[in-house]
Amino acid sequence: MKTILQMIEDELRPAFAACGYDEDLAKAVISNRPDLCEYQCNGAMAGAKRYHKAPIMIAQEVAEKIAGCPAFSKVDAVKPGFLNLTLSPEFVSGYLTQVAADERLGVDPIGAGKTMVLDYGGPNVAKPLHVGHLRAAIIGESLKRLYRYTGHTVLADIHLGDWGLQMGLIIEETHRRHPELPYFQADYSGEYPAEAPFTISDLEEIYPTASARSKEDAEFAAAAHDATVRLQQGDPGYTALFAHILRISVADLKKNYGKLNVSFDLWYGESDAQKYIPVMLERLKERNLLHESQGAMVVDVQQDTDTKEIPPCIIQKSDGASLYATTDLATLWQREQDFHPDGVLYVVDKRQDMHFTQVFRVSRLAGIIRPETSLTFLGFGTMNGRDGKPFKTREGGVMRLEHLIADIDQAVYERIMENRTVSAEEAQKIAQIVGLAALKYGDLSNQATKNYVFDVDRFISFEGNTGPYLLYTIVRIKSILRKYAETTGQAPASALRPAGDDSEKDLQLVLARVNEAITGSCLDIAPHRLCQYLYEVANAFNSFYHDHRILAEEDAERQQGWIALLSLVQKVMETGIDLLGFEAPEQM
Ligand code: ARG
C-alpha cells in the first residue's frame, strides 16, 4: 500500500505536469513548521534554476492547480517558494480506514523472495550470559522481527562461541577432578556415558575456577591448551565430553533467551564451521591471497582508499591453529552454501569493527559470498552504569543477565505494589512483562551504535519516553475498548471518521505514517526509529484522550468513529512493540 507521502505526491504530480514542470519536482515531506502546515513540497525551489523562474511563481501556479483537490483542505504558496499543505480530514480518515483494513498496516512486503541471515547471539558456551550479550540479543531480535514483517525470509543464527580455549579449560579441569572418567582413558573403546558428569551450575563454577588456575599454574595452562588442540583434532573422549558441555549449555541458554523473548532458528556454533575451513583455505590459495608473515598465514586487506591502517587478516597461526576470523569466514562459506542469502547482518559489539572489516574484505576478495550479497556489521555501543563506565555489579564484577532482569522486575514490582490495585501474585506476573519492556525499550530507544546509560529508575518510569509508558497507554486503550464493548455490546466499527478537532487530527496524522515508520526502521536497520514513532503515537493518543470523553459521548456515530480510531491505535502500538520484542499486559 502507498504511504501517505506517496498519496500526496500522486496529487501533486499532475499539478506540476499541468503547469509544464517536471513531475519529479512533486516531492512531499513532512512539515518542519507544524504550526503552519502538515506537509510541504519544496519542488518549486528545486525547479527555479531549471526553469529560470522565481520559485514563488512556480509554487503559486501549482497551488492554484491543486486548490480544489479534495485531498487538501488548505494549500499555500509561501515565500521564497514553499508549498504548504494541510490535508483534508476526509482524505486522512479515508487513508486510515484502508490502513486499518490491511493486515500488515499498509506495509509492503519489500523483502519478498529475499533471504537474510542474522547473526546476533554470540554467547560463549559454559559461560553465563552477561550484559554484554544483552544488546546483541535485544537489537537482533527486533531486527529479525522487522525483517520478517517486511516479508523477508530470515534465518537467525546464534553462532555460539564453542570452539576456544574455554573448552580445553573445562575439559582439563574435569580431568583434574575426575581422572577416572572414561573420557580420559586413551584405550577406552566402549560407549561413553549418556549422562554428563556435571550440571549447569557445576559448569558455571568449573570455568572460572579453571580460568583462574590457568593464570597461576603454567602446567595446567599448557594441559588446557593441549586439550583444546586434541578436541579440535577429534579425540573421541573429548568430543563426547564436549557434546555434554554443549547440550547442557544450550538448554540453559534457551531458557535464558526465552526469558528475554529472544529466539533463534539456528543453533550453530563456531565448532560447526570447522569442517568448511579446508575448502575455504583452498579458495584463498587458488586466488593467491594467502602469504606468510612472521610464520602466520595472512591475507592483505588494505585498500588504496583507506585513510587508516587495516592490518592483514590472520588466517592461520604458525602452529596451524585457526582463529576467530578463520571461523567467521568458514561460517560465511557454510551460509552461502546452505542458504544463498541476499544479506548477512551481524549485530555485535562495535569494538569488533576491525575484525568484521577484515572478514568482509577477505570474503569479497575470495568470492566466499556472491558479490550481490550484502554484508553488514551493526556494531553496538556499550551499556554503561550511571557513572558512565561499563555496567558492573555493586561489587564491581560483571553483571549476569539473569540478575539484571531480576533487579528490574523487582523494581517494577515495587512500583506496582505502591498502588496496591492487584494481588501480589498478579503484580509479579505483570512486573515480568513490564520489566522486560523497560529493559528492551531502554536499550532500543537509543541509536544502536551509541553507548547508553542503564538507568533502572528512568527505564521503569510510567511517564516519559519509556517502555512502561507505551504499555500504560495500550492498557488504557484496552480498558476503554473493553468498557465500550460491555456497555454497548458492540464490536468496534472499522471505518474511521474525519477528525473533528486538532488533537484528533494530530493523532490521525501520526497513525497515517505507520507503514513508513516500520519500513524505514527496517531499511535503516534502526529500531530506535520505531521507538521514536511509537512514542509519538502514545503522546498523540494521550492528548486526544485528555481532550475527549470517549465513553460518555452521546453522539453514537461520533463515538463509533473514536472507537475505530482507538482500535487502530491499539493495533499500531501492539504491532510496534511486538516488532521491538515485548508485549503489553491486560492491566498494570
Ligand atoms: N562469541 C563472540 C564474543 O562473545 C561474539 C560472536 C559474534 N558473531 C560472530 N559471527 N563473530 O565476543
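Note that the structure is predicted; figures quoted are calculated from it, not measured. (Residues numbered from 1 in each chain as written. Predicted model: local features only at pLDDT ≥ 70, side-chain atom pairs only at ≥ 80, totals over all residues. Heavy atoms only, no water.)

## Some details on the sheet that holds strand S3 (residues 72-78)
Sheet strands line up and pair through hydrogen bonds in the backbone, either parallel or antiparallel.
Logical step 1: Taken together, the 4 strands give an open sheet; going across it, the order is S1-S2-S4-S3, and neighbouring strands pair in antiparallel fashion. Only two strands of the sheet have a single neighbouring strand rather than two, namely strand S1 (28-30) and S3. Within the sheet, the average angular offset between the axes of one strand and its neighbour, ignoring direction, is 25°.
Logical step 2: In the sheet, strand S2 (residues 39-41) pairs with strand S4 (residues 82-87) via 3 bridges, with the strands oriented antiparallel. Note that in S4 the partner of Cys 41 across the bridge is Leu 83. (Pairing = 2+ DSSP bridges. Helix = DSSP H or I, 4+ residues; strand = E, 2+ residues; numbered from the N terminus. Axes fitted to C-alpha atoms, helices over the stretch in contact; angles between N-to-C directions.)

## Some details on the environment of Thr 421
Logical step 1: Considering the arrangement of structural elements, one finds Thr 421 in the loop between helix H14 (401-419) and helix H15 (424-444).
Logical step 2: Thr 421 gets classed as exposed once you look at its relative accessible area, which sits at 62%.
Logical step 3: Through-space distance from the C-alpha of Thr 421 to that of Gln 587 is 9.9 Å; in sequence the pair is 166 residues apart. (Buried < 20%, exposed > 50% of the residue type's maximum accessible area, 1.4 Å probe, protein only.)

## As for empty space enclosed by the protein
Logical step 1: A full pass over the atoms with the stated rule returns 2 cavities of 30 Å³ or more.
Logical step 2: Volume-wise, the largest cavity comes out at about 100 Å³.
Logical step 3: What lines the largest cavity is a set of 14 residues, and nearest its centre among them are Lys 127, Pro 128, Leu 129, Asp 252 and Leu 253.
Logical step 4: For the lining of the largest cavity, the elements supplying multiple residues, two or more each, are helix H7 (200-216), helix H9 (236-259) and H14.
Logical step 5: If one sorts the elements of the lining of the largest cavity by residue count, H9 sits on top with 4 residues.
Logical step 6: Residues of the lining of the largest cavity, tallied by class, amount to 7 nonpolar, 3 polar and 4 charged.
Logical step 7: Approximately 40 Å³ is the volume attributed to the second largest cavity.
Logical step 8: Lining the second largest cavity are Arg 135, Ile 139, Asp 443, Leu 444, Asn 446, Ala 448, Pro 527 and His 528. (1 Å grid on protein atoms, 1.4 Å probe; cavity = no way out; pocket = protein on both sides within 12 Å on 5 of 7 lines; lining within 4 Å. Points joined across faces, edges and corners; volume = space filled by probe spheres on them. Nonpolar A, V, L, I, M, F, W, Y, C, P; charged D, E, K, R; others polar.)

## Some points on the nonpolar core
Logical step 1: If you look at the biggest cluster of nonpolar residues, it comprises 161 residues, and the most contacted ones within it are Ile 8, Leu 12, Phe 72, Leu 143 and Leu 404.
Logical step 2: Among the elements that make up this core, the one with the highest residue count is helix H21 (residues 556-580) (12 residues).
Logical step 3: When residues no more than four places from it in sequence are discounted, the contact partners of Leu 12 are Ala 26, Ala 28, Cys 41, Ile 66, Phe 72 and Leu 85.
Logical step 4: Val 117, Leu 266, Val 301 and Leu 332 belong to the second-largest nonpolar core, a separate cluster that totals 34 residues. (Core = buried A, V, L, I, M, F, W, Y, C linked by side-chain atoms within 4.5 Å. Contact = heavy atoms within 4.5 Å.)

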